[in-house]
Amino acid sequence: MLNDYITPLSISFVWSPSDKKLAEPIINVVKNSFSRDKAKPFSRAINLPIFFYSSSSGNITPSNTPMINAQRSVIFVFTSLNTLGNKAWKEYIEYFQVSENMRIVPIALDEFGLNHQGALDGLNCIRAYEWQLDNKHLTALVSLSHELYRHGICDSKGENTGNSNSIKIFLSHSKSEPEGRTYVKKVKDFIDQTNIGRFFDATEIAAGFLFSSEIEKHISDSTLIAFETDSYFSRYWCQREILSAKEKDRPILVVNCLNEYEDRIFPASSNVPCISIPNLSDITELEVLRVLSAALIETIRFQYSQKILLEYQKKNWFSDGIELIARPPEVRKMFALKNKGVKKVCYPDPPVFMEEADWHSMIGIEAITPLWNPSDLNSFIHLNVGLSISDCNESNFERTHLNPDQLLHLAQDLAKHMLARSAKLVYGGDLRPNGLTEFILDEALILADRLTDQEIKVENHLAWPLSIETNEVRAWRAKYSRLMLTVEHDIPEDVADGIDCCSYLKPDTPANSFIWSRSLTKMREHVVKNSSVRICAGGKLTDYKGKMPGVLEEIVLSINSGKPIFLLGGFNGVVGDVCDVIRNKVVPITLTEKWQTQNNSGYHERQKIAKSKNQHCDYDEVIHILKNADINKLAKNVGLSVEDYKQLMISPFVDECINLILNGLKNYK
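Residues numbered from 1 in each chain as written. Predicted model: local features only at pLDDT ≥ 70, side-chain atom pairs only at ≥ 80, totals over all residues. Heavy atoms only, no water.

Another point: the overall build of the protein chain. The secondary structure content of the protein chain amounts to 23 helices and 19 strands. Scaling as 2.2 N^0.38, a compact globule of 669 residues should have a C-alpha radius of gyration of about 26 Å, and the protein chain matches this with 27 Å. Projected onto the principal axes, the alpha-carbon positions of the protein chain cover approximately 95 × 65 × 45 Å. Here the protein chain holds 669 residues, and 56% of them are scored as buried. Residue pairs at least 24 apart in sequence account for 74% of intrachain contacts in the protein chain once pairs closer than 6 positions are excluded. On the protein chain, roughly 28,400 Å² of surface is accessible, and the fraction owed to carbon and sulfur atoms is 49%. For the protein chain, the centre of its 75 positive side-chain charges and the centre of its 84 negative side-chain charges are spaced 3 Å apart. (Helix = DSSP H or I, 4+ residues; strand = E, 2+ residues; numbered from the N terminus. Rg over C-alpha atoms; globule rule 2.2 N^0.38 Å. Buried < 20%, exposed > 50% of the residue type's maximum accessible area, 1.4 Å probe, protein only. Contact = heavy atoms within 4.5 Å. Areas by Shrake-Rupley, 256 points an atom, 1.4 Å probe, with all protein chains shown as cover. Lys, Arg positive; Asp, Glu negative; His and termini not counted. Charge placed at Lys NZ, Arg CZ, Asp CG, Glu CD.)

Given below as structure tokens:
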């Protein structure tokens, strides 16, 4: 059973909408640094679970408070005159529950924010109001990342999370060049003014102690920052420091500050992040902050990767006999592991290209990632996996607290996992720029380059009149010709009379809107029928063109036809409401005709025409179908236990949901 999964770390942000102008830029710089970039789906950035607690009005608080949802939950609370001076917000914040697993870090936006009591009483605040306007966002990133490291990554108990748990920085540089000394002194001076611990070899090796042993000792618990100047890699001690950090499995950041030329990059310095700073006679505070923020992000990524891989191993994603490593394999490391008898390693996604990995078999060690395992190549080749995933259209965080890009990350990850195992993806989506379809297809394109000997298959369905061939459709076909089959559906016969089927029809009248809804239903009936299984998440409740919200219609069609269906309700939207009905027999107001009519312009008129032709949405019938859906049968159909299926219906974690889906599909017949 997999439902005891708990992610190693999560972040929550809490702020009053009255502080939106000050709080959201800080939130965004942290979110963008610790969430995967949706435009770079195969980047090595971590995708930490991040939750958001705010509301639509300064006089309204969120409907619930942050919960312990990880082994460590770190809550950043923005405090100010607007929280201390507002009774509702003051009580909301001060009644938070704290524990060893749930840490609160207050961020004071003004001096009033220092005076909260209750759960915040006695907690030292990050004083954001003291930050200089110049470089404010990078200062925020360094400050919050360091607290995230101390409270979320360090393994010691709560009473020891002060300076003793500060990140340690080892500054590695060539002493023969003035640039290296200047850069390092500037970074060291900045660190000395903060609570970031550091080791600086030129001044902190005590008299009478061996230079080499001191370096070894201090590197063993530090993040190494290597300042790559022209002579850096030609120096023995610089190479020794890099090798020591690699041997001790420490995070490493290379800072490229070449002046002219480096005649040989030291091989052991590869396979790590690199940041470039301009050739300056005196490095600026901006560049110092760039270096330190990159070092902090890599430290958190490195250590979080170790924790999450261990968690995956505990949940039997891969066997206990596999060695876990926090960066892609490298020759020196693999030989050392082979000498220890290791035969298989697992490193974080994404996998390296096949051409880069061809030496693994020469050494005799198999390398996998949680996604990529050669033995899984064709495990889902018999499956047509239907995706019913769309945005939720919920922009404030009063009721839902997820990252706005969370559904997109889920869709991208599902696409990777399914396609890497040879499944065909079946999706009914339009071809809007920056829409979900485009991101899924871009994910598949990159995966196709990595799986050079495997056919990648995505079947995208277009309802009429979106199926009418245009320059846009042709452009999509050309771009994704390697992997996408476009299935274009005709207008339904019952609404085709008097319609020019070759011309685009705008849904600008009730009659035209009804034709659109019939066309969408026809397309959805086809994709559900031709899918082996269906995965549903999110789904907008407003601003749709069909007889009912699109994801809801695909769920109802799937249940009525007995189609195996995964329901991921923790991502809110339509699927969240559907899961609430199935689990608790409670009818959300959003799944009533009255609410739909009040919140969707033109829907009343569309329903009126549909009722006259017996093609309308009967919400009483929809609720009857959902209330009578048997969880035992839903779980059995997708190869899961009832306990695991119930967990799937409430989990907000992408990795847990994918883990459950993969395990279910392995049992699917």
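Structural remark: α-helix, 3.6 residues per turn; residues separated by three or four positions point the same way. With 15 residues, helix α1 (residues 20-34) should cover 21 Å at 1.5 Å per step; its first-to-last C-alpha distance of 20 Å lies within 8% of that length. Here α1 has its buried residues at Ala 23, Ile 26, Ile 27, Val 29, Val 30, Lys 31, Ser 33 and Phe 34. At its buried positions, α1 is contacted by β1 (7-14), β2 (50-53), β3 (70-79), α4 (136-153) and α9 (285-314). (Expected span 1.5 Å × (residues − 1).)

Burial analysis of strand β14 (residues 384-390) places five of its seven residues in the buried class, the great majority of the element. Relative to strand β15 (residues 424-428), β14 runs parallel, the two sharing four bridges. In the sheet register, Gly 386 faces β15, and the bridge partner there is Val 426. Across six bridges, β14 lies against strand β18 (residues 533-538) in parallel orientation. Across the sheet, Gly 386 pairs through a bridge with Arg 534, a residue of β18. (Pairing = 2+ DSSP bridges.)

Looking now at the sheet that holds strand β5 (residues 126-127). Taken in spatial order, the five strands make up an open sheet running β2-β1-β3-β4-β5, and their pairing is parallel. Edge strands, defined here as strands with exactly one partner in the open sheet, are β2 and β5.

Counted according to the given criterion, the structure contains five cavities of 30 Å³ or more. What the largest cavity holds in volume is close to 570 Å³. Looking at the lining of the largest cavity element by element, the count peaks at six residues for α9. Grouping the amino acids of the lining of the largest cavity by side-chain chemistry returns 17 nonpolar, five polar and seven charged. (1 Å grid on protein atoms, 1.4 Å probe; cavity = no way out; pocket = protein on both sides within 12 Å on 5 of 7 lines; lining within 4 Å. Points joined across faces, edges and corners; volume = space filled by probe spheres on them. Nonpolar A, V, L, I, M, F, W, Y, C, P; charged D, E, K, R; others polar.)

The buried fraction of helix α16 (residues 550-560) amounts to nine of the 11 residues, a majority that puts the element mostly inside the structure. Three or more residues of α16 are buried, namely Gly 550, Val 551, Leu 552, Glu 553, Glu 554, Ile 555, Val 556, Ser 558 and Ile 559. Contacts made by the buried residues of α16 are with β14, α15 (510-529), β18, β19 (565-568), α17 (573-584) and α20 (619-627). Directly after α16, the chain includes Gly 562, whose backbone phi takes a positive value near 70 degrees.

Turning our attention to the environment of Leu 371. Position of Leu 371 relative to the elements: it lies in the loop between β13 (366-368) and β14. Separated by 116 residues in sequence, Leu 371 and Val 487 place their C-alpha atoms 29 Å apart. Residues within four places of Leu 371 in sequence aside, it is in contact with Asp 349, Pro 351, Lys 416, His 417, Ala 420 and Arg 421.

Here we take up the packing of aromatic side chains. Applying the stated criterion across every chain yields a total of 13 aromatic pairs. Taking 4.9 Å as the distance between ring centres and 80 degrees as the angle between the ring planes, the aromatic pair formed by Tyr 232 and Phe 233 counts as edge-to-face. Note on Tyr 232: relative accessible area 0%, which makes it buried. Chaining the aromatic ring pairs together yields one cluster made of Phe 13, Trp 15, Phe 52, Phe 76 and Phe 78. (Phe/Tyr/Trp six-rings, centres within 6.5 Å; stacked < 30°, edge-to-face > 60°.)

Moving on: the pattern of salt bridges. Pairing between side chains of opposite charge can happen when the charged atoms of each approach one another. Under the definition given, this model contains 21 salt bridges. Between Arg 36 and Asp 413 there is a salt bridge; the shortest N-O distance is 2.7 Å. Placement of the pair is Arg 36 in the loop between α1 and β2 and Asp 413 in helix α12 (residues 406-420), with a sequence separation of 377 residues. For the pair Arg 36 and Asp 413, a shared accessibility class is recorded, and that class is buried. The closest approach of N and O atoms between Lys 246 and Glu 330, which form a salt bridge, is 2.9 Å. Note that Lys 246 is positioned in helix α8 (residues 236-247) and Glu 330 in the loop between β11 (323-324) and α10 (331-339), a separation of 84 residues in sequence. Here Lys 246 and Glu 330 have matching classes, each one buried. Each member of the salt-bridge network shares a partner with another, and the members are Arg 524, Arg 534, Glu 553 and Glu 554. (Salt bridge = Lys/Arg side-chain N within 4 Å of Asp/Glu carboxyl O.)

With nine of 10 residues buried, β3 lies mostly within the body of the structure. Bridge count for β1 against β3 is seven bridges, and the pairing is parallel. Bridging across to β3, Thr 7 finds its partner in Ala 70. Sheet topology note: the β3/strand β4 (residues 102-108) ladder contains seven bridges and is parallel. Of the residues in β4, the one forming a bridge with Phe 78 is Ile 107.

What follows covers the sheet that holds strand β12 (residues 344-346). In spatial order, the strands read β11-β12-β13; together these three strands make up an open sheet with parallel pairing. What marks the edges here is a single partner per strand, and that holds for β11 and β13. In the sheet, β11 pairs with β12 via two bridges, with the strands oriented parallel. Each bridged residue has a counterpart across the sheet, and for Glu 323 the counterpart in β12 is Val 345.

The next subject is the packing of α12 against helix α23 (residues 654-667). The N-to-C vectors of α12 and α23 enclose an angle of 30 degrees; their axes lie 10 Å apart at closest approach. You can see that α12 and α23 cross each other, and the crossing is right-handed. Of the residues in α23, those touching α12 at Gln 406, Leu 410, Asp 413, Leu 414, His 417 and Met 418 are Val 654, Ile 658, Ile 661, Leu 662 and Leu 665. Its residues assigned to classes, the contact of α12 with α23 shows eight nonpolar, two polar and one charged. (Axes fitted to C-alpha atoms, helices over the stretch in contact; angles between N-to-C directions. Left-handed = near helix turned anticlockwise from the far one by under 90°.)

Attention now goes to unusual backbone geometry. Glycine aside, negative phi is the norm for most residues, and most peptide bonds take the trans geometry. Of the consecutive residues Asp 349 and Pro 350, the connecting peptide bond is found in the cis state with omega at 5 degrees. Following the sequence through the fold, Pro 350 ends up in the loop between β12 and α11 (360-363). Cis rather than trans, the peptide bond between Trp 464 and Pro 465 has omega equal to 5 degrees. Looking at where Pro 465 falls in the secondary structure, it is placed in the loop between β16 (458-462) and α14 (471-479). Phi at Asp 249 is positive, roughly 55 degrees, even though this residue is not glycine. Tracing the backbone shows Asp 249 in the loop between α8 and β9 (252-256). What makes Asp 249 partly exposed here is its relative accessible area of 30%.

This paragraph deals with the confidence of the model for the protein chain. When pLDDT is averaged along the protein chain, the result is 87; 92% of the residues meet or exceed 70. At the low end of the mean pLDDT range in the protein chain sits helix α6 (residues 201-204), at 43; at the high end sits β19, at 98. (pLDDT = per-residue confidence, 0-100.)

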